Every structure is written in structure tokens, then in C-alpha cells.
Amino acid sequence: MSLYSFGSDPISCHAWNKDRSQIAISPNSHVVQIYQKAENGWKKIHELSEHNGRITGIDWAPNSNRIVTCATDRNAYVWMLKDGTWKPTLVLLRINRAATCVKWSPLENKIAVGSGSQTISICYFEKENDWWLSKHIKKSIKSTILSLAWHPNNVLLASGSCDFKCRIFSAYVKEIEEKPSPTPWGTKMPFGELLYEEGDNGGWVHSVCFSPSGQYLAWVDHNSCVNLADSTQDKVVTELKTEFLPFLSVLFVNETRIVTAGHDCCPYIFSYSGPGKLELLEKVDAQKQNLKSTTSAMQHFRNLDKKAAQDNETLEIDTLHRNSISQLSLLFGEDSSSVTTFSSVGIDGALVIWDTKA
């Protein structure tokens, strides 16, 4: 495990280049900072500052080496490196609320952007006019989109939103791709078709993710549950209620194991072995709280109220991250069926690289 600090500002999102030698982060602001791996840590080499609202999403296409960003200014930009400088191209989202998340498709020919306008924009490049156009998916969406994930077939798109629902849509764009083959999630896939909907457990769906094969869909919501839908078992959902604080991010590290992280400041790994069989394997970084005295929490706050000052009793949280983890990302093994390293960024301004036996 390796811990790096990028200052005291929260890191809202991050993305890696193909060989993981560079990382793009947003320190909860309108700029994206790109760092190069150095001997003693990280060196800032670029700063992308076209947005005038807080950056909410970053994704770095590994093969074409293009970065896409979105922000609360309702815009998205595709950045290309030319002569040592990153040049932005505006993406026409046609939304009237903040953009909230963004993802490249596996073939890197489409971009999905979620927003607060109850809309998902599917964007593609039109060579004739040399610009990025967008089509909208609105069917059944009743609130802000919080997360997106592409299926490996480059057509299906999963979303999580504030209306407590996890959905799968068809993002087939006939202008740029061939008609898709049937999948266990659906056979007829015209653009915007709702193929799957699940949720209503009483919590915002913070993060969604397909397994490497696309057979499974996992999501986490604000009621501290981990959920997995199995397309090979008639899309049956296995829900695991946990005792932890809500999770904000979920990733598959192989076909049957997922890693989650959020307000508990440390990642957890879960294993799926069939319908109804989703279990916690381990805490990657166990959280331990050590009180230096036996003073109760109620007495501690009474003392603060009386003295109007801190006393000698302190509460230490023994985790690498000192605050909530905002996002997880696969580091090595992303294109295979097994991942051994992943990264996390948090509100404490830290980046942690984790090793796990997948």
C-alpha cells in the first residue's frame, strides 16, 4: 500500500493514463491537475482550466489518450494532447443542470454524461462537422444521475440515480456502429430502451459497475447495502445489508469479487458465489478507533460545552485515509479478468494505491 498527499483540498475524482505513469485529479475545483510519477512522489506537469464550474467527472481513454471532463457549468470537454499542450473541444450536451459524471465507452467512440436534468447524454463525434453531438436518454429517470458504467459490449449503459434506482439502457447509436447482438440483459436494443430497473431500497445509488464479462451488475446505495444482479439467473438480485457507513464507489476486481469504499474511510472486498450468496471477505484497511481515556462521547461533548475548548481526550482513526473515500479506480489488470492493484482518492486530499489478492 502506498499513500500520497496532494494537499488539504478534497479530491472529487481522478483518472489514470494507459501505463499508469500519470494521473489526472480535480481538487474540488474548476481545474484538472495532471501529475507525472517521479522518484519521490508526483510532479505536476499540466493544468486544464477551461471549465468555470466545479469538476464532477474525469475519464482518461487509454488507447486514444484523450481526457473527457464534465462540471457543474453544464459543459463537457474532450482534451487532446498536441505539441505538449492539452487542447479542449466542447461537447454539446444540451442540458440545463449540472453534469455529474462522465465515462468513455470501451471502444472510446462514445461518451456518456450524467446530469441533474434527469438526463443521460450519449455523445459521439461527427466527422463531417468536426464536433461532438449528443442524444438524450430520459426514459423513466426521475432524478439526478450519480453514476454510470458501460457494458463490455460498448452498447449497454448502467446508471445509478437519486430516485433510488439502478437501470440499464441501450446506448446504441446507429450512426456510428453496427446493430448489436442480443445479450442476457435484452435482445432488442433501440437507442434509449430501458432494459433493466431495480432499486427502491430507500437510498441514492452512488455507484454502479459491470463485471469484466458483463454478466453481473453491482451497485451501492446510501442505505449501506451492496447489491448484485445476475443476468445468468434471470436477473435475480442479491442484496447484502452491512453495518458500515454508506459506500460511494464500487468496482469489480475479478468476475466474482467486488471492492467498495465510502464514508468508512477504507475499502472492503466482497465475494459473490451465486444467488443469495454475497459475503464480506475482508477489510483491506481495517478501521480501528482508539480512545486515550474512558470518557464517554456524551461526557466529552458536555465538557466541550462547559469549557468551550478541547480537552486532552482525543479520538484517533487508524486508517490510511483520514476522511471519506470519494472514488475508486482500477490500476493494474484493468483489461484482464483479475485486478491486483486499485487506487482511491478522498476528501482528505490523499491518493492511496492498494494491493489485493484478487
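What counts as what
Note that residues are indexed from 1 along each chain, following the sequence as it is written. Only residues with pLDDT of 70 or above have their local features reported here, since the model is predicted, and side-chain atom pairs are shown and tallied only from 80 upward, although totals for entire chains, interfaces and linings are computed over all residues. Side-chain metrics rest on all non-hydrogen atoms present in the structure, leaving aside hydrogens and water. Working definition: helices are DSSP H or I runs of at least four residues, strands are E runs of at least two. Numbering for both runs from the N terminus. Here the term buried applies to any residue with accessible area under 20% of the maximum for its type, exposed to any over 50%, and partly exposed to those in between, with areas from a 1.4 Å probe on protein chains only. The contact definition used throughout considers only heavy atoms, calling two residues in contact when any of these lie within 4.5 Å. Per-residue accessibility takes into account occlusion by the displayed protein chains alone, with areas from the Shrake-Rupley method and a 1.4 Å probe. Patch construction takes residues with relative accessible area above 30% that form no salt bridge. Like charges are linked within 9 Å, and nonpolar side chains (Val, Leu, Ile, Met, Phe, Trp, Tyr) are linked within 5 Å. A pair is scored as a salt bridge if a Lys or Arg side-chain nitrogen falls within 4 Å of a carboxyl oxygen belonging to Asp or Glu. Paired strands, in this sense, are two strands between which DSSP finds at least two bridges. Here, axes are lines fitted to C-alpha atoms. For helices the fit covers the stretch in contact, and angles between N-to-C directions go from 0 to 180 degrees. For the purposes of this section, nonpolar cores are sets of buried Ala, Val, Leu, Ile, Met, Phe, Trp, Tyr and Cys residues that join through side-chain atoms within 4.5 Å. As a per-residue measure, pLDDT tells how confident the predictor is, with possible values from 0 to 100.

A. Broad picture of the overall build of the chain. Within the chain, the secondary structure is distributed over one helix and 30 strands. Of all 358 residues assigned to the chain, the portion counted as buried reaches 53%. Pairs at least 24 residues apart make up 49% of the contacts formed inside the chain by residues separated by at least 6 positions. By element, 46% of the accessible surface of the chain is carried by carbon and sulfur atoms, the whole surface being about 16600 Å².

B. Molecular detail of the environment of Thr-89. Mapped onto the secondary structure, Thr-89 falls in strand E9 (residues 85–91). Looking at Thr-89, the relative accessible area reads 30%, which means it is partly exposed. The sequence separation of Thr-89 and Glu-50 amounts to 39 residues, and the corresponding C-alpha distance is 9.7 Å. Not counting chain neighbours up to four residues away, the residues in contact with Thr-89 comprise Ala-76, Tyr-77, Val-78 and Trp-132.

C. A nonpolar patch on the surface, seen in detail. A contiguous nonpolar patch, built from Leu-90, Leu-92 and Trp-131 and spanning about 250 Å² of accessible area, is present on the exposed surface. Tracing the backbone shows Leu-90 in strand E9. Overall, Leu-90 belongs to the partly exposed group, its relative accessible area being 38%.

D. Expanded view of the sheet that holds strand E24 (residues 268–272). Overall, antiparallel pairing links the four strands, which are arranged E22-E23-E24-E25 in an open sheet. Of all the strands in the sheet, just strand E22 (247–252) and strand E25 (278–283) have a single pairing partner and so form its edges. Between one strand and the next, the sheet's axes are offset by a mean angle of 30 degrees, whatever the strand orientation. Where E24 meets E25, five bridges bridge the pair, whose relative direction is antiparallel. Along E25, the bridge assignment pairs Ile-269 with Glu-282.

E. Geometry of the sheet that holds strand E28 (residues 325–332). Strands sit in the order E1-E30-E29-E28 across an open sheet of four strands; the sheet is antiparallel. Strands at the two margins of the open sheet, each flanked by one partner only, are strand E1 (2–5) and E28. Pairs of neighbouring strands in the sheet enclose a mean axial angle of 20 degrees, with direction left out of account. In terms of strand pairing, strand E29 (residues 341–346) meets strand E30 (residues 350–355) through five bridges, oriented antiparallel.

F. Quick look at the pattern of salt bridges. Taken as a whole and judged by the stated rule, the model has six salt bridges. For Glu-193, the salt bridge goes to Lys-139, with nearest N and O atoms at 3.9 Å. Separated by 54 residues along the polypeptide, Glu-193 in the loop between strand E16 (165–170) and strand E17 (194–199) and Lys-139 in the loop between strand E13 (131–137) and strand E14 (145–150) bring together distant segments of the chain. The shortest N-O distance in the salt bridge between Arg-167 and Asp-163 comes to 2.9 Å. One connected set of salt bridges, linked through shared partners, spans Asp-163, Arg-167 and Glu-197.

G. Examining the nonpolar core more closely. With 29 residues, the main nonpolar core has Val-226, Phe-247, Phe-252, Ile-258, Val-259, Phe-270 and Leu-328 as its most contacted residues. Among the secondary structure elements, those contributing two or more residues to this core are strand E19 (216–221), strand E20 (225–230), E22, strand E23 (257–262), E24, E28 and E30. Discounting residues that sit within four places of it in the chain, Phe-270 has contacts with Val-226, Leu-240, Thr-242, Phe-247, Thr-256, Arg-257, Ile-258, Thr-260, Leu-278, Glu-279, Leu-280 and Leu-281. In terms of nonpolar packing, the next biggest core, distinct from the first, is built from 17 residues, Ile-168, Trp-185, Val-205 and Trp-219 among them.

H. Inspection of unusual backbone geometry at higher detail. Residue Arg-20 is not a glycine yet carries a positive backbone phi of 60 degrees. Summarising the element assignment, Arg-20 is placed in the loop between strand E2 (13–16) and strand E3 (22–26). Positive phi is not limited to glycine here, since Asp-234 has a value of about 60 degrees. Looking at the element boundaries, Asp-234 is found in the loop between E20 and strand E21 (236–241).

I. Representation of the confidence of the model for the chain. Per-residue confidence for the chain gives a mean pLDDT of 89, with 89% of residues at or over 70. Mean pLDDT values over the elements of the chain span from 40, in strand E26 (residues 289–291), up to 98, in strand E11 (residues 110–115).

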